[in-house]
Amino acid sequence: MYIHVTAECLDCGQRDPYTPKVIACSKCGSGWREARYDYQAISKTILEDIRNRPFDIWRFYELLPVQDHHPAISMGEGGTPLLRATSLGLMLGCPNLYIKDERQNPTNSFKDRQASITVTALKEAGITETVLASTGNVAISYSAYTSRAGIKLWAFLTSLVPAEKMREVAIYGTQVIKVTASYDQAKKVAVEFASQREHGTYLDRGVRSIPALEAMKTIAYEIAEQLTSAVGKPTPDESTDPENPPPWRTPDWYIQAVSGGMGPVGVLKGFEELKEMGIIDRIPAVACIQTEGCAPMVHAWKANLDEAEPVLSPRTNIATLATGDPGRTYTELRKRMLRNGGGTFESVTDEEAFRAIHVLAKMEGLSMEPASAVAFAGLVKMVRSGQIKPSDTIVVNLTGHTLPVEKMILGEGWARNLELPTQVAEDKPEEGLLSALSRISPERYPRIAIVDDHPDARRLVRRILQSQGEYTLFEAENGKEAVALAQKELPDLMVLDLMMPEMDGFAVIDALKANEATASISVVVVTAKELTSDEEARLKGRIDTLMQKGEFLSDELSDEVRSLTK
Ligand SMILES: *Cc1c(COP(=O)(O)O)cnc(C)c1O
Ligand SMILES: [Zn+2]
C-alpha cells in the first residue's frame, strides 16, 4: 500500500510501514512519529518530475503520505503566491521582504493544507467519522474537506471562537460543540468524546498526526522554489559549497504567528528534507510569534527551558492563538530550531497586532485576521531590536483571513454618511447630490508637499497620507522644484528628503526660511542619512520633526503630519 512512506518513532527509532489507522509505534507505543521517504532515490529525479505538474500542494506527491495525488476533494489548496512587500520593506528598511499569502487557500487559511492531505488520507483509510478540537480555523477547514469527502465531523470549539467562525463551521454540516472553557480543556473533552465513540472515529492529534505535519512542510518547498524564481539560483559565494551551489534558495528568516506550533514544525521538516535531497544547502532561522496573553513558548524559550509551562487562562482576544499548553510540540520545535538555523520566540501585544492589520491593509493591500497580524507585529519588533538585519531575506506567513474585519479593529468613524434629501433629489437630483457631497468634502484640505528624488520614496509618503487622512498633495523631485512649488502653492507642510542632487534639503530649508511667504511652512525631514552633529545643529529649531527612513511605520508619519496640520 503506502510503500513509499515509513513512520519513524521519535522515541525509539523504530520504523514501521505507514498506514493512517495505526497511530503508535509498534515497538514502544509512542505516538510521536514522523514520516520518512527514500530521499536519495527521490532526489535523483524530483526537480525534473515536478516540471510539468501544477503548482499546488500535490506537486511533491512522492513526499506525501497519500496514494491519490489528484483527489476529488481537492479545491486548489497550496501553491499560494509569494508576494514582495515593497512598502513595508521600505518602512522597515528591509528590501528583501516577502509574504507567503496563505489566505488564498480555499477556506482562506493555511489550515487547508493540513485538512486536504489529512482528509485524503482518512478517506483512503475508509474512515467515516472525525473528531477535533479547534480555536476556529482548523474546524472551518476540516469542515469543508470532510464535507466533500463524505466524512462526519465533530468540532469542539472553545467559546472564545467568534460567532462568525462558529457559523462558518456549522454551514458545512459539521456538528459544533461549543465548550465554555479554554482551548486546552476543549481538547481534553474531544479526546474523551472520541474514546467513547465506536472505533472507526479518527481523532485529530495535532503535530502527532502524520498527514497534517506532512502537509505543512509543503510551505517550505514552495517558498524555496518561489524565492529561487524571484531572485535566481544561489551564487557560489552565497553557498556553503561554492564549487557546487544548490539549485534552490532559502530565506534567512521564516516568521509565523504560533498557537500549537504545527506550522513551524512542518516548515522546518520541509526545509530539512530539501537539504537532505541536496536542493538547498541551509535552513532558515525561524521566528515564532505569540500574543503576550498566551505565550508559553516564548516564556520557555527565554528561560532556556526545553519544556513549556502551560498558560492556564490565556488572556488574549485573538482566539486562534489561544493554545495555553503546547505540550511536547514546543520541545520538538525547539530541538529542530537549535539543530538547524536557530531562530527565536517573541511575543507582541494584541494592540500591536491590530496596528499591524492597519499598516498591512493600507500599505500593501493585504487584509488579514488578527492571528496573522501577530507575525507582522513580531517582524516589526525584531527589525527594531536588531535581531533581523536590513540585508536579510525574510518570508512572513500571512496565515489567514477567515472572517471579515472584526468590529474592534476599525473603531468608530470609519465611514461617512451621505443622505440625499428626498425632496430636492426629486426636483433637481444633481443639485441635491452636489450639496450633499459638499458636506462630506470640505473646501480646503491641509496642503502637503512631498519632496524626494526617489520615486519609490515619494510613492510611499503619498500612499501613507492618502490612506490615513484627507490632504491636497504636491510632489517635487528636487530642491529647486521644491522651492518653486512652495512659493506657488504655499503648502502647510513639507515632507522633505535631505540627500538630493544639486540643491539638497538643507538648502531648501534655507530658501524657505529666507522668504516671508514660505518661512512658516512646517517641515518634516525624512532622511536615510546619519546626521553629523554639525548637520543636526543646522536643522535645530528650523524643522518640526526628523524621521529616519526605514525606521518608521505609516501610522507614525501620519500621526505626525496630522498633529502639525491641525
Ligand atoms: C492555526 C493558525 C495559526 C497558528 O498556527 P500553528 O502553526 O498551528 O501554531 C496562525 N494563524 C492562523 C490564521 C491560524 O489559523
Ligand atoms: Zn518507538
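Scroll up to find the structure.
Not measured: the values here are computed from a predicted model. (Residues numbered from 1 in each chain as written. Chains lettered and ligands numbered in written order. Predicted model: local features only at pLDDT ≥ 70, side-chain atom pairs only at ≥ 80, totals over all residues. Heavy atoms only, no water.)

Student: Is there a simple way to explain the pattern of salt bridges in this structure?
Tutor: Considering all chains together, one arrives at 44 salt bridges under this definition. The salt bridge involving Glu 225 is made with Arg 59; its shortest N-O contact spans 2.6 Å. With Glu 225 in helix α8 (residues 218-231) and Arg 59 in the loop between α1 (39-49) and β4 (82-84), this residue pair connects regions lying 166 residues apart in the sequence. Per residue, the accessibility class of Glu 225 equals that of Arg 59, and both read buried. Here the residues in one salt-bridge network are Glu 8, Arg 15, Glu 34, Arg 36, Glu 272, Arg 336 and Arg 339, joined through shared partners. (Salt bridge = Lys/Arg side-chain N within 4 Å of Asp/Glu carboxyl O. Helix = DSSP H or I, 4+ residues; strand = E, 2+ residues; numbered from the N terminus. Buried < 20%, exposed > 50% of the residue type's maximum accessible area, 1.4 Å probe, protein only.)

Student: Explain the pairing of strand β14 (residues 447-451) here, please?
Tutor: Put simply, side chains in a regular strand alternate between the two faces of the sheet. Of all five residues in β14, five are buried; the element is thus mostly enclosed. Covered by surrounding structure in β14 are Arg 447, Ala 449 and Val 451 together with Ile 448 and Ile 450, the residues of both alternating faces. As defined by bridge partners, β14 adjoins strand β15 (residues 472-476) across five bridges and the pair is classed as parallel. Counterpart to Ile 448 in the pairing with β15 is Leu 473. Handedness of the β-α-β unit built from β14, helix α17 (residues 455-468) and β15 comes out right-handed. Pairing analysis gives four bridges linking β14 to strand β16 (residues 493-496), with the strands arranged parallel. Looking across to β16, one finds that Val 451 is bridged to Leu 496. (Pairing = 2+ DSSP bridges. Right-handed = clockwise from strand over helix to strand, strands pointing away.)

Student: Can you help me understand the site of ligand 1 in this one?
Tutor: Near ligand 1, the surroundings consist of 19 residues, among which Lys 111, Asn 137, Ser 259, Gly 263 and Thr 399 are the closest. Take Gln 256: an N or O atom from its side chain is 2.9 Å from an oxygen atom of ligand 1. Out of a free accessible area of 380 Å², ligand 1 has 96% covered by protein chains. Elements with a minimum of two residues in the shell around ligand 1: β10 (253-257), α9 (262-276) and α13 (370-384). The residue makeup of the shell around ligand 1, split by class, is seven nonpolar, ten polar and two charged. (Near = heavy atom within 4 Å. Polar contact = N/O pair within 3.5 Å; in protein donor to acceptor, adjacent residues only side chain to side chain. Areas by Shrake-Rupley, 256 points an atom, 1.4 Å probe, with all protein chains shown as cover. Nonpolar A, V, L, I, M, F, W, Y, C, P; charged D, E, K, R; others polar.)

Student: Explain the packing of aromatic side chains here, please?
Tutor: Think of a pair of aromatic rings as described by two things: how far the centres are apart, and how the planes are tilted against each other in angle. Counted by the stated rule, this structure contains seven aromatic pairs. Centroid distance Trp 154 to Phe 193: 4.8 Å. Interplanar angle 55°. Geometry classified as tilted. Pair noted here: Trp 154 is in strand β7 (residues 152-158) and Phe 193 is in helix α6 (residues 183-196), with a separation of 39 residues, a long-range link. Using a relative accessible area of 15% as the deciding quantity, one classes Trp 154 as buried. With 5.5 Å between their ring centres and 65° between their planes, Tyr 330 and Phe 345 make a pair best called edge-to-face. Residue Tyr 330 is located in helix α11 (residues 328-339), and its partner Phe 345 is located in strand β12 (residues 343-348); the two are separated by 15 residues in the primary sequence. There is no split in this pair, since Tyr 330 and Phe 345 are both buried. Taken together, the ring pairs connect Phe 60, Tyr 221 and Trp 248 into an aromatic cluster. Between the NZ or CZ atom of Lys 152 and the centre of the ring of Trp 154, over which it lies, the distance is 4.7 Å. (Phe/Tyr/Trp six-rings, centres within 6.5 Å; stacked < 30°, edge-to-face > 60°. Lys NZ or Arg CZ within 6 Å of the ring centre and 35° of its normal.)

These values are about where atoms sit, not about what they do.
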